[in-house]
Amino acid sequence: MAIDQKSPSAWSVLGLDIGGTEIKAALVNGKGDIIASQRVATPRTFANLQQTLKKFAQEFRLKDGDVRGAGVGCKGIIDPETTEVLALPGELNYLQGLRLRGILEPILPAACPVAADNDGRVALVGEHRWGAARNRNNAIMLTLGTGVGGAILSDGRIVRGAGGIAGHLGHVTVDPDGGLCICGNRGCLETVFSARAIEAEAFAAIHRGVKTQLLGMDSMPPGCNDIFECARKGDEVARIVVERTTRILGSAIAGLVHILDPEVVILGGQIAQAGDFLFQPVQQELDWRTRHLVRRKVPVVKAQVADPSGVVGAAALAIEAATDAGNIPGS
Ligand SMILES: [Zn+2]
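Residues numbered from 1 in each chain as written. Predicted model: local features only at pLDDT ≥ 70, side-chain atom pairs only at ≥ 80, totals over all residues. Heavy atoms only, no water.

Asks: Could you give me a rundown of the pattern of salt bridges, with the residues and numbers involved?
Replies: Considering all chains together, one arrives at 12 salt bridges under this definition. Residues D117 and R160 are paired through a salt bridge, measuring 2.4 Å at the closest nitrogen-oxygen approach. Of this pair, D117 sits in strand β7 (residues 114–118) while R160 sits in the loop between β10 (157–158) and α4 (195–207), and the two are 43 residues apart along the sequence. D117 gets classed as buried once you look at its relative accessible area, which sits at 1%. Since its relative accessible area comes to 28%, R160 is described here as partly exposed. Among the ionic pairs, E201 bridges to R244, the shortest N-O distance being 3.0 Å. Residue E201 is found in helix α4, and its partner R244 is found in helix α6 (residues 236–260); the two are separated by 43 residues along the sequence. One continuous salt-bridge network, built from bridges that share partners, spans D117, R121 and R160. (Salt bridge = Lys/Arg side-chain N within 4 Å of Asp/Glu carboxyl O. Helix = DSSP H or I, 4+ residues; strand = E, 2+ residues; numbered from the N terminus. Buried < 20%, exposed > 50% of the residue type's maximum accessible area, 1.4 Å probe, protein only.)

Asks: Explain helix α1 (residues 46–59) to me, and be specific about the residues and the numbers.
Replies: Taking 1.5 Å of rise per residue, the 14 residues of α1 would be expected to cover 20 Å, and the 20 Å separating its terminal C-alpha atoms lies within 8% of that figure. If you check which residues of α1 are buried, you get L49, T52, L53, F56 and A57. Taken around the axis of α1, the buried residues stretch over an arc of 140°, which confines them to a single face. Residues of α1 that are buried in the fold lie against β1 (12–18), β2 (22–28), β3 (34–41) and α2 (100–104). Immediately downstream of α1, the backbone of R61 shows phi near 45°, a positive value. (Expected span 1.5 Å × (residues − 1). Arc of directions from axis to C-beta. Contact = heavy atoms within 4.5 Å.)

Printed below as a string of structure tokens:
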């Protein structure tokens, strides 16, 4: 970690991404550039989380620097007004009922505002400020990772809904009798197109003894990236899995486009790294399904912010909060 010495006087904000596997933190400047960053395995207890944050604060010299605000992207359902974690099943369950603002304030300079929201929405806030949704008023974003996150920008505003749930695009039902989902429903998009779902389908084929190059991969069971790579090289099993699931992703997006009429559809997360091999078939699927009602091509594009981990989006949220608080001039 190094503090950028070229512009020591420029202000920055703290972006924090709290995920199930890792916690990432970064100092980000007003242009969306990462000045310094850190990542650690997600602490399993609240006391360890506090220790981790303290360490970040020391390494980033938060108390001495010109930090104007902090933003947090977190799994689960977050109340953006209070920053309270309303629902967060799994390893980070200890955060449920706590206010992220209260947890961060001790490591920040006085009068430093703290904003927080669900990680999917935070990613779109970042794309809206610096990335693929810049100068757009209507956009959909899906983050394709172990699960599927999402967010909606509609008429210039991030949609939150009556209970703060809006934008959970990974839980659109694509198969009424499909696999059980973490949310309790059956056949959500996430049960078909996510790293876990794709890995599970490929593994099931291997387990049944279907002949495939996936058996020769270094990691067993093969990871989602391996499966896409094998599909690209022409392995039949990998190709069948990728083609089927990609088609379902494209059709789910077509449904969302009919509902929300966006200017652009942004795909982020680990699986979006597959590039054209993913984007071309998704675009094709979307185009034919929307040709009569939408009557224009809605581009499906890759997320663009400097760091895909969510810290830059969290920083964008921090800038919004710091601007509202009068800590930085409005843009
Ligand atoms: Zn679900």
